[in-house]
Amino acid sequence: MNVPRLLLASLLASAALNAAPLPESQKIDQLLRQDWEKAGMKANPPASDEVLVRRLYLDIAGRIPTLDEAQAYLSSKDPEKRSKLIDTLLASDGYTSHMFNYWADVLRLTDNVKGRITAEAYEEWLKQQVKTNTPYDQFVKNLLTTEGGVWDSGSIGFWQRDENKLDHLAYTVQVFLGTSIVCAQCHNHPFDKWSQMDYYHMAAFTYGMDTKSRGVDFKNKTSKGMALDKKVVQAMSKVDRKAYRDKMQAEKKAEESRLNREDIQQVKRTMQAVMKPLRYTSAEWQEGKLPSLPPDYKYPDAKPGEKVEPKTLFGKEAVIKPGETRLDAFADWMTSPENPRFTTVIANRMWKKAFGVGLIEPVDEMTDSTVASNPALMAYLGQLMIENKYSLKAFLRVLYNTDTYQRAATTHEVPLGETYHFTGPILRRMSAEQIWDSFVTLSKGNVDDTVDDENTRLHQYLDDLSMFLGTIKSKGAEGLVEVAKKGSAKLDANQKKIDEKKARLDAQKEKGMDTTDKAKALAKEANSLRKSTENDILVSLVGKDRAEDLIEGYRPEKTEKEKRPKFDRKALEKMTKEQRIEFLKNYKREGMGLTSRASEQPSPARPGTFLRTFGQSDRELIENASDEASVPQALTLLNGPAADVINNPASKLNQAMAKAGSPAQQIATLYQALLSRAPTSDEQAILDAVIQERGAKAVADVTHALITGSQFLFVQ
Amino acid sequence: MKNLLHSCDDVTRRDFAKTIAKTCLGVSVMSALAPRGFAAPFEGSSKAKQAATAKRVIYLYMSGGMTHLDTFGCVPGADTMGGTKTIRTSADGVQIGELLPHTAKMMHRGAIINSLTSTQGAHAQGNYFQHTSYAMRGAIRHPSMGAWLQKFQGKGNAELPGSVIITNDSKHPGGGFFEAACQPLLLNDPARGLQNSRRPGALSESDFDYRLGLSARLDQGFQQAYNYTNVKAYADVYKDAIKVMKSEDLDAFDLSKESAETHAEYGDGTFAQGCLLARRLVEHGVRFVEVNLGGWDMHQDIAARLPERCGDLDQALGTLLTDLERRGLLDDTLVVLTSEFGRTPKINQNDGRDHYPKAFSSVLWGGGIAGGQVYGKTDKGIEVTENKVSVPDFNSTIAYALGLPLDLVLYSSTKRPFTVTDKGQPITSLFG
């Protein structure tokens, strides 16, 4: 066999293809080479084109390449094809989908929460940021300083994620500054230098974010609230002082004619249920609000219950510029290139994304004694990030274009306790999302254009909410009194009716009649009367159309019922009876629901589904994904509908196989589709024997064997 | 100078979590079950311990906040009872709500605790607290009782999961920070059996076996080229999966093996089937099974909604208890009935009851409990007047029945110390 010669030729060919690399990439290679020399190592062998095309698609676009995509790359003789593919993939919506999954894990973005509308808007916002490659420092700043309603910006979801703002601060510091301070919320940190007071000093920067309000509070505007500090008044000019005093007098007069407490209470009560759609949709910043030390604070430097002023953990102080809030100052401090950890953390995260392991591990437990495994390289990467103005795409582009990235994956695991010298990337299992997205690709081809489809329903509903809140705000308590009185009266009248009916039922029950069904019917009636009164109030406030929309609520059907792939009935006829029954059973049940990428599914997927079985993060804890093998995973691939993706006549793969012709050619296509390569000579020998032995069953055998084989799941 | 890079003595969060292909269904039994941790006492935890009187637990969770006054926390004659009347039970002097006649026949084996009290009045927080004895925070997921049981005492049947939870709650804490092998199996649908555990109908056994062999052969090059723990794990896991598929104990999940009469006795619906499945699972050696019944969050029209909900509960629960006793299992099976909180003594303007954690009720049957008693009291379901029981106290009573060490500290991957029920103190007087 001409294997050695072919191998040599392909090696030379790939070496020649690495034409004109970026100077920044070269610099990284150089820093690594210096480290290898010191350690007495050298680079891994170069990765073949086949390995590289599969890896690039998975690493950047989060899925395997389609047959056509892989073919196009492999057959191209363009010496620049690697860097061109990298650029193409970085610009694709595959990148958007894949990077979205990354940040959703880090930010614990989940739509399985009460404030569903906000979570969905947050997801959309995040995809937007990823797609437009918002500079990372700006991205973080946007997250931190966002406020208002979800219709203003989905990013308020960042604050809505945790009701407890003390906890939220710990996650913020962990994610963006790579520092773990969560222990210090309740006592001085047991392993690091942070005290409980340090924790509260930091929490003082973010404590004023209120996410509980529905955006409006029914309070009388009292003149008290308008009063200015005495010193300020004294310092005013004579003219200003007179104007101020006049204003205060007018207010006091108006106050007398305002609503009494009872009316306000009635408004609150009536509007409570009506305003339910507005829950979890706002984030309001209160500049004056500071945290207090807990009642069991036990250290001598302060007393329990004392208010704590803001102070940064390290680096410079956060200076509040005129017109800025303390939250703005906090965000500036955190995202500044001068912050000792902000840049290192993101550079290290992106390095880990490309190479599988960080220069600093773990990525979010840095202490003063943390040293990168290659300090010169870490410093350069930080510099690179700043030079590229925190453009993640630009930064990643440099990494993917290094000679080192384009080497074969290291063939052995680095044992715990040893330093990894990055002679190439490490071998990684695909993430749950990559596995799912790869099955989608096999079934439907490249569906990147369905990522982040325009969600008109979402925006319509947000618009309704915005208008609703606006109406309530502009009317205020005074404007709503009439509506409230009417609504209240109606509720009372309805209740009276229901009470009468109930009394009659109770009498019947006393006589021994079985009133269970009638009681249920009455309960239903009571409920619908209540709802209709609330709806009437809503209609009187925002008009019929908007009211109907708000009543309908936001319930996106992310189930794949409408999106199920249609199958060719004729192909169905060709199957045996058992195959048909099996096929239809799986198609009805779920058919794996292989219609869209993981980023378009509920976040996270529900327990027991494919994505969760393969270790998708539950998004309750930061980066909680797992890549470990489990028996349910094996069972899914062995007996679940995973192989149906091939059997389904509508699947792209099935269509390609149908075109392929002989069993040998079909199997060759299978290898290209699943592994982006041809069988090795050893494999070919086995395959030839299988075809001989198994005849018509051979193709199905090999399909099943490859899907349950480990190499499909790993990124070489 | 501490070098946190891959340092072997510093177990980082993710290294800690790395295990080899062993899961709740993994056949390989967890050897090193000796829990990590010092014998150093955890401040405040109970030191009480007994030889286990319960070998297994069936944990019936009423989600949404089960009203106490209309079920087990009745105060006959009080104006807070709503329209609910009480009935006598098989236990002298003990009365429960009229909507639970089947259960009433088994109260001679049960102990009602009417003095539960909590501060967690929201569903998510209350639910989490009841299941774990710790407050819900985003920095960690605590394990629930089934996982602790497996951690301390191992599985009852090596080929089945250590604990099984039959629920629709997608946020159940499950096994929390414990490793994969201690994670419970979560089932949505008890009737469906174990997902993907049977060969597809159209595939013959010989074809199935052939493909397995072929897969291993085609995978060989890759397996030999890469020396990674996880790579090997993905070869080994199939061996474990086959063992599960061929295991006779899988029948435990097959409800069709029960007669039509038995099905009729338990009733229709997910909860009834869940209880039947729970009985089968414990017979096959699963030591902790949770079954969830939802729909208790009756903010409106409670009098109209209770009959159906209580009906579902009563039929399944009554049958389960009778069934366990008939099979001689009730003596060492602890059956638990609980919820996240109770409901307001005052009926609200929508004829319902709202959340009420200040006083509520739970019940324990079998497993060493001295039956026919009521522990703790409220005035009219409003305030606990005698023998306050916190949620950790309640859970530590379950742990005590199982003979678990209440003060043994285990560490999460973030190096935080925990005990099975934090500082809960068991109600030892309940045990006969």
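Quantities reported herein were computed from a predicted structural model and do not represent experimental measurements.

### As for the interface of chain B and chain A
Each side of the interface is counted separately: chain B has 78 residues, and chain A has 92 residues. Across the interface of chain B and chain A, roughly 7400 Å² is buried in total on both sides, 55% from carbon and sulfur atoms. The interface formed by chain B and chain A contains seven salt bridges. Of the charged contacts, one joins Lys-171 of chain B and Glu-620 of chain A as a salt bridge, the two residues approaching to 3.2 Å between their closest N and O atoms. Taken together, the links from chain B to chain A amount to 31 residue pairs in polar contact (both at pLDDT 80 or more). Counting only elements with at least two residues in the side of chain B that touches chain A, the list comes to α1 (13-17), α5 (205-225), α6 (229-246) and α9 (302-326) of chain B. Tallying contributions element by element places α5 of chain B first for the side of chain B that touches chain A, with 13 residues. Residues belonging to the side of chain B that touches chain A are distributed by class as follows: 33 nonpolar, 23 polar and 22 charged.

### A word on the pattern of salt bridges
In a structure, side chains of opposite charge can pair up when their charged atoms sit close to one another. Under the counting rule described, the total for this entry stands at 69 salt bridges over all chains. We note a salt bridge from Arg-619 of chain A to Glu-433 of chain A, for which the minimum N-O separation is 3.2 Å. Note that Arg-619 of chain A is positioned in the loop between α26 (610-613) and α27 (631-639) and Glu-433 of chain A in helix α20 (residues 432-444), a separation of 186 residues in sequence. Like Arg-619 of chain A, the residue Glu-433 of chain A is buried in the burial classification. The residue Asp-464 of chain A makes a salt bridge to Arg-546 of chain A at a minimum N-O spacing of 2.8 Å. Remark: Arg-546 of chain A occurs in helix α23 (residues 544-552) and Asp-464 of chain A occurs in helix α21 (residues 456-510); sequence separation between them is 82 residues. In this structure Asp-464 of chain A comes out as buried when scored by relative accessible area, which is 4%. Classification of Arg-546 of chain A by relative accessible area gives partly exposed; the value is 25%. In the salt-bridge network here, residues are joined through shared partners; they are Glu-258, Glu-265, Arg-279, Arg-280, Glu-283, Asp-323, Arg-326 and Arg-327 of chain B.

### What to know about helix α30 (residues 663-675) of chain A
In this model, α30 of chain A (13 residues) spans 18 Å end to end at C-alpha, consistent with the 18 Å of a helix rising 1.5 Å per residue. Ser-676 of chain A lies just past α30 of chain A and shows a positive phi near 60 degrees.

The rules behind each value
- Residues numbered from 1 in each chain as written.
- Chains lettered and ligands numbered in written order.
- Predicted model: local features only at pLDDT ≥ 70, side-chain atom pairs only at ≥ 80, totals over all residues.
- Heavy atoms only, no water.
- Contact = heavy atoms within 4.5 Å.
- Buried area = accessible area lost by both parts, 1.4 Å probe.
- Salt bridge = Lys/Arg side-chain N within 4 Å of Asp/Glu carboxyl O.
- Polar contact = N/O pair within 3.5 Å; in protein donor to acceptor, adjacent residues only side chain to side chain.
- Helix = DSSP H or I, 4+ residues; strand = E, 2+ residues; numbered from the N terminus.
- Nonpolar A, V, L, I, M, F, W, Y, C, P; charged D, E, K, R; others polar.
- Buried < 20%, exposed > 50% of the residue type's maximum accessible area, 1.4 Å probe, protein only.
- Expected span 1.5 Å × (residues − 1).

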